[in-house]
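Below, each chain spelled out in residue letters.
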Amino acid sequence: MPTQVGILLTHPTQYHSPWFKELASRTEIEIEVFYCFQPDADQQGIDFGVAFEWDVPLLDGYRYTFLKNVAREPGFDYAGCDTPEIAQLISSKKCDAWIVNGWKVKSDWQAIRSCWRSRTPVLIRGDSNLIDSKPLHLRFAKRLILGRWIPRFSRYLTVGKLNEEFYRFYGADPSRFVPVRHYVDNDRFALQAAQAQKNAATIRSEWGIPEKPVFLFAGKFIEKKRPMDAIKAVELLTSEGSDIHLLMVGDGALRNSCEEYARTRQLPISFTGFLNQNEISKAYGCSNVLLLPSGYGETWGLVVNEAMSCGLPAIVSDRVGCGPDLISNGKTGFVFPVGDIKALSEAMQVYVNDLALAEKHGIQARERVRAYDVRLAAQNTAEAVLSLEINGTNSNAI
């Protein structure tokens, strides 16, 4: 009989749904996903600057249930996900094991505590890391608190190297680590980008992009993404005579100020606004290099996976969580110190001087990201579940 696995997630997302679909196709386990709420178009558009719904199916191919959310204002913050019935579901032994995706919201803790109390194995998959610098005394004070409960999970579905360092720092047993790396639908992005490349001249014309080396910024126009760093790097390079173009995809609170800055200085920059999942590959298909200059809070940066699957190298700041996994300096892109405009511009100049090198690094990037695949993520997840002593005693239980 297949092992029954419950999975808790705040809401349907374009990145998790392919994982669930792959898990549902396996015969050794049976999954059911439990969501805390379904965001409307306005909620989905928070930080994106525009209301929207994802244009890819999020609920196809797997079993799911929307829990009763008793929060006064359902949403993405801690209090916005309050689903007491998850504790009852867990204690009923409906599922042999549970996967919880982090500990950001109240529902996560309702599930985690219920698993510990009922001696039900709980696997954790988050993307926390130690990359944001904190004073040493604060880090060790935090370690005393987090070190009491982080070691208690049955398995850690780790998304990358920095995530594993985080768990180690707080006392987790590395023998319980199972790599379930961050992924995107590599095949879909590669296919769509290849199709876009065939129409690159038309797409570039629509967006006002000349035949020059094109750098791409794709993300929310918010402080942590630091879109102005990309603009200032282009400003510096053009002042030094480089003939380049910057394509900026996305929307958000900083978009107007970014557009105004570029317009008043007559910088070679095009703004497309928000592009949905089935449109974003057009941007990858007509660009040469991705830029991700993010500061704090960029625990991974899945846009890098997307770009690499489309054959683009990436230049990322040293605060981008995927750096140690996906970026090899001079092979799949470059890493620069966050906020260092000169260092960013120098990395860009390498590709301006040699577009063939950008193509070579893009091929190597595509090969690198191939291992960050949804099918492998599902396989490793299933193996993690099957490695548990489902009918035994959970030594981590209360």
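Positions within a chain are numbered from 1, following the residues in the order the chain's sequence is written. Side-chain atom pairs in this predicted model are given and counted only at pLDDT of 80 or more, local residue features only at pLDDT of at least 70, and totals for whole chains, interfaces and linings cover all residues. Side-chain measures here rest on the full set of heavy atoms in the structure, leaving out hydrogens and waters.

Undergrad: What is the right way to look at the nonpolar core in this model?
TA: Taken as a class, soluble globular proteins show a tendency for nonpolar side chains to be buried jointly. Here, nonpolar core refers to any group of buried Ala, Val, Leu, Ile, Met, Phe, Trp, Tyr and Cys residues whose side-chain atoms link them within 4.5 Å. Throughout, exposure labels follow a simple rule: accessible area from a 1.4 Å probe, protein chains only, divided by the maximum for the residue type, with under 20% read as buried, over 50% as exposed, and the rest as partly exposed. Core analysis: the largest hydrophobic core is formed by 37 residues, its most contacted members being Leu-247, Tyr-284, Val-304 and Leu-326. Runs of E in the DSSP output that reach at least two residues are strands. Runs of H or I that reach at least four are helices, and both are numbered from the N terminus. Considering each element in turn, this core owes the most residues, five residues, to helix 12 (residues 302–309). Contact partners of Val-304, with chain neighbours within four places excluded, come to Leu-290, Leu-292, Ala-314, Val-316, Cys-322, Leu-326 and Ile-327. The next biggest cluster of nonpolar side chains, apart from the first, holds 32 residues, and it includes Ile-90, Phe-166, Tyr-170 and Phe-177. By definition in these notes, contact holds between two residues if any of their heavy atoms fall within 4.5 Å.

Undergrad: For this particular structure, what's the right way to read the pattern of salt bridges?
TA: Note on pairing: side chains with opposite charge can pair once their charged atoms come close. We define a salt bridge as a side-chain nitrogen of Lys or Arg found within 4 Å of a carboxyl oxygen belonging to Asp or Glu. Evaluation of the coordinates by the stated rule reveals 19 salt bridges. A salt bridge links Arg-263 to Glu-260; the nearest nitrogen and oxygen atoms lie 2.4 Å apart. Linking Arg-263 with Glu-260, this pair stays in helix 10 (residues 255–264), spanning three residues, or about one helical turn. Given the relative accessible area of 37%, Glu-260 is considered partly exposed. Residues participating in the shared-partner salt-bridge network are Glu-32, Arg-63 and Lys-94.

Undergrad: Can you walk me through the packing of aromatic side chains in this structure?
TA: For any pair of aromatic rings, the description consists of the separation of the ring centres together with the inter-plane angle of the planes. Any two rings among Phe, Tyr and Trp, with Trp reduced to its six-membered ring, count as a pair given centres within 6.5 Å; such a pair is stacked if its planes are under 30 degrees apart, edge-to-face if over 60, and tilted if neither. A full pass over the atoms with the stated rule returns 31 aromatic pairs. When the centroid spacing of 4.9 Å and the interplanar angle of 55 degrees are considered together, the rings of Tyr-156 and Tyr-167 count as tilted. Of this pair, Tyr-156 sits in strand 6 (residues 155–158) while Tyr-167 sits in helix 6 (residues 161–169); the two residues are 11 residues apart in sequence, bridging distant segments of the chain. For the pair Tyr-156 and Tyr-167, one class covers both residues: buried. Feature note: the residues Trp-103, Trp-109, Trp-116, Trp-149, Phe-153, Tyr-156, Phe-166, Tyr-167, Phe-169, Tyr-170 and Phe-177 constitute an aromatic cluster, connected by ring pairs. When the NZ atom of lysine or the CZ atom of arginine is within 6 Å of a ring's centre and also within 35 degrees of its normal, the charge is said to sit over that ring. In this structure, Arg-265 is placed above the aromatic ring of Tyr-261, and the distance from its NZ or CZ to the ring centre is 3.6 Å.

Undergrad: For this particular structure, what's the right way to read the sheet that holds strand 3 (residues 64–66)?
TA: Whenever strands of a sheet pair, they do so through backbone hydrogen bonds, lying parallel or antiparallel. If you walk across this open sheet you meet the seven strands as 3-2-1-4-5-6-7, and the pairing is parallel. Where the open sheet ends on each side, the last strands, each with one partner, are strand 3 and strand 7 (177–179). When strand polarity is set aside, the average angle formed by the axes of neighbouring strands in this sheet is 25 degrees. Summarising the sheet, strand 1 (residues 3–9) and strand 4 (residues 97–100) pair through four bridges and their orientation is parallel. Bridge pairing in strand 4 links Leu-8 to Val-100. Each of strand 1, strand 2 (29–35), strand 4 and strand 6 is contacted by helix 1 (residues 17–24), which is oriented at about 150 degrees to strand 2, the strand it contacts most. Here helix 4 (residues 106–118) sits on the sheet and contacts strand 1, strand 4 and strand 5 (122–124); the angle it forms with strand 4, its principal contact strand, is near 150 degrees. Any two strands between which DSSP finds at least two bridges are classified as paired. Between N-to-C directions, angles span 0 to 180 degrees; the directions come from axes that are lines fitted to C-alpha atoms, helices contributing only their stretch in contact.

Undergrad: Even after reading the chapter, I still don't get the environment of Glu-28, so can you show me in this structure?
TA: Among the secondary structure elements, Glu-28 is positioned in the loop between helix 1 and strand 2. With 26 residues separating them in the primary sequence, Glu-28 and Pro-2 have C-alpha atoms 4.8 Å apart. Excluding anything up to four places from it in sequence, Glu-28 contacts Pro-2, Thr-3, Ala-382 and Leu-386. For Glu-28, the side chain forms a polar contact with the side chain of Arg-26, separated by 3.0 Å. Two N or O atoms count as a polar contact when they lie within 3.5 Å, although within protein this holds only if one can serve as hydrogen donor and the other as acceptor, and sequence-adjacent residues are included solely when both atoms are side-chain atoms.

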